[in-house]
Amino acid sequence: TASRRIGMPAPGPDRDTEFLKDVLDGLGQAVKALPAKHFYDQRGSRLFDRICELEEYYPTRTETAILARYAGDIAGKAGRGVTLLELGSGSSVKVRLLLDVLDEPAAYIPVDISGAHLEASAARLAADYPEISVKPIHADYTRPFPLAVKGGAERTLAFFPGSTIGNFSPEEARAFLARLGRQLGGGGRLLIGVDLKKDIGRLEAAYNDAAGVTAAFNLNLLERINRELDGTFDLAAFAHRAFYDRDLGRIEMHLESLKPQTVLVAGAPFRFQAGETIHTEVSHKYTVEEFRDLAADAGWRADETWTDGDHLFSVHLLTF
Ligand code: AVI
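Residues numbered from 1 in each chain as written. Predicted model: local features only at pLDDT ≥ 70, side-chain atom pairs only at ≥ 80, totals over all residues. Heavy atoms only, no water.

**Observations concerning the overall build of the protein chain**
Secondary structure assignment for the protein chain yields ten helices and 13 strands. Relative to the 2.2 N^0.38 estimate, which gives 20 Å for 320 residues, the radius of gyration of the protein chain is 20 Å and therefore close to what a compact globule would have. With respect to the principal axes defined by its C-alpha atoms, the protein chain has extents near 60 × 45 × 35 Å. The buried share among the 320 residues of the protein chain stands at 54%. Long-range pairs, those at least 24 residues apart, make up 71% of the contacts in the protein chain with a sequence separation of at least 6. Within the structure as shown, the protein chain displays about 13600 Å² of accessible surface, and the carbon and sulfur contribution to it stands at 51%. In the protein chain, 37 side chains carry a positive charge and 46 a negative one; their mean positions are 3 Å apart. (Helix = DSSP H or I, 4+ residues; strand = E, 2+ residues; numbered from the N terminus. Rg over C-alpha atoms; globule rule 2.2 N^0.38 Å. Buried < 20%, exposed > 50% of the residue type's maximum accessible area, 1.4 Å probe, protein only. Contact = heavy atoms within 4.5 Å. Areas by Shrake-Rupley, 256 points an atom, 1.4 Å probe, with all protein chains shown as cover. Lys, Arg positive; Asp, Glu negative; His and termini not counted. Charge placed at Lys NZ, Arg CZ, Asp CG, Glu CD.)

Okay, here's the thing in structure tokens:
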């Protein structure tokens, strides 16, 4: 397989058990919620790739434009022979903008929870960049995972694009950044994409696209439960909801039960009222200052921040 050719070393996270546990716990709470990381099975990862191409979903193309425009600056600051560690590498598209300009990168280490997607993307990247050593790690990067980077912290550049940091609460984001810093060590660097606060209409449109791709992405979580955990969700009896909460500075995604119903998961019954929701995702938005303060609280110094002309999105280079 592709993984063996490019030498995938680490066994994947024990996802089946974890998925079942998270679903039983999450649906058993008084306010039902599921962790957003379980969106990304193979179908979910594909749907997410389609979201990234939507007219309404400005973050991907805006961040890509920022990276394309400032890649030379970023490469200059990163220096020679860095190992690039990408957290949640997905299809490994944006990283190419960096690999194209970095000065003799030592290695590229993509980390992703979706094993099959990781394998295929890493194989494609390895074929396109034969001079770069590609060492994928199949892991849930929200938990500690084994990482041995040659050349020390100063030669490591972590890359966490897409504003995925927004899918953590601010407290989780702080804890995650502090742990990543400790994992890399003093002098380690992080290039991170963060979606900015902006008018509500623009934000809500990005999560309620006309073609219904985001709705399909959200509902795929229920399909996944049906497929993998013997669930009995009737997809027509749940609806996608996404809205911006100004006080909390975040988009919330939910799946709303359209009628009173009972659903079974692995034999366990879960009762839904009409209008009751499963909270499936938060997507926090920050100002540049808010994010720099959060990163500083986690021990990171902001070296540089780049944004687009419309101030939709930001890319920060931080040092631990
Ligand atoms: C991956 N993450 C940054 C996306 C976001 O915008 O929060 C996930 C997403 N959910 C709905 N659309 C996109």
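**So, the pairing of strand β10 (residues 268-272)**
Walk down a regular strand and you will see the side chains alternate between the two sheet faces. In this structure, strand β9 (residues 261-265) lies alongside β10, joined through five bridges in antiparallel fashion. Counted as the bridge partner of T262 is R271 from β10. (Pairing = 2+ DSSP bridges.)

**Quick notes on helix α10 (residues 288-297)**
For an α-helix, 3.6 residues make a turn, and residues three or four places apart therefore share a direction. Within the sequence span of α10, burial applies to V288, F291, L294 and A295. All buried residues of α10 fall inside an arc of 130° around its axis, so they share one side. In this structure, α10 carries E289 and D297 as exposed residues pointing more than 90 degrees from its buried face. Looking at the buried residues of α10, the elements they touch are α7 (170-184), β6 (189-195), β12 (301-307) and β13 (313-319). Backbone geometry just downstream of α10 places G299 in the positive-phi region, at approximately 95°. (Arc of directions from axis to C-beta.)

**Observations regarding the site of the ligand**
In the neighbourhood of the ligand, 14 residues make up the surrounding shell, with Y57, N167, Y207, E281 and S283 lying closest. Contacts to the ligand include N167, whose side-chain N or O atom sits 2.9 Å from a nitrogen atom. Here a nitrogen atom of the ligand sits 2.7 Å away from a polar atom, N or O, in the side chain of E281. In isolation the ligand exposes 340 Å². Once the protein is present, 97% of that is buried. Listed by contribution, the elements that provide at least two residues to the shell around the ligand are α3 (42-52), α9 (213-229) and β11 (277-284). (Near = heavy atom within 4 Å. Polar contact = N/O pair within 3.5 Å; in protein donor to acceptor, adjacent residues only side chain to side chain.)

**A few points about the nonpolar core**
Among soluble globular proteins, nonpolar side chains are generally buried collectively. If you look at the biggest cluster of nonpolar residues, it comprises 35 residues, and the most contacted ones within it are L27, I225, F233 and F238. Where this core is concerned, the elements lending two or more residues are α2 (15-28), α3, α8 (200-206), α9, β7 (238-245), β8 (250-257), β9 and β10. For this core, the element with the most residues is α9, which contributes seven residues. Ignoring sequence-local partners within four residues, the contact set of F238 consists of L219, L222, F233, L255, E256, S257, L258, Q261, V263, F272 and I278. Within the second largest apolar cluster, 28 residues are counted, among which are I109, F291, A295 and L318. (Core = buried A, V, L, I, M, F, W, Y, C linked by side-chain atoms within 4.5 Å.)

**As for α3**
Regarding α3, the residues found buried are G44, S45, L47, I51 and C52. Summarising the axial view, the buried residues of α3 lie within an arc of 160°, below the 170-degree limit, and thus occupy one face. Lining the buried residues of α3 we find α4 (58-78), α6 (115-128) and α9.

**Quick word on the pattern of salt bridges**
Inspection of every chain in the model, using the stated rule, returns 21 salt bridges. A salt bridge links E276 to K32; its shortest N-O distance comes to 2.6 Å. Highlighted residues: E276 in the loop between β10 and β11 and K32 in the loop between α2 and α3, separated in sequence by 244 residues. With relative accessibility at 17%, the residue E276 sits in the buried group. Connected via shared salt-bridge partners are E18, K37, D140 and R143. (Salt bridge = Lys/Arg side-chain N within 4 Å of Asp/Glu carboxyl O.)

Read these as spatial facts, not as claims about activity.
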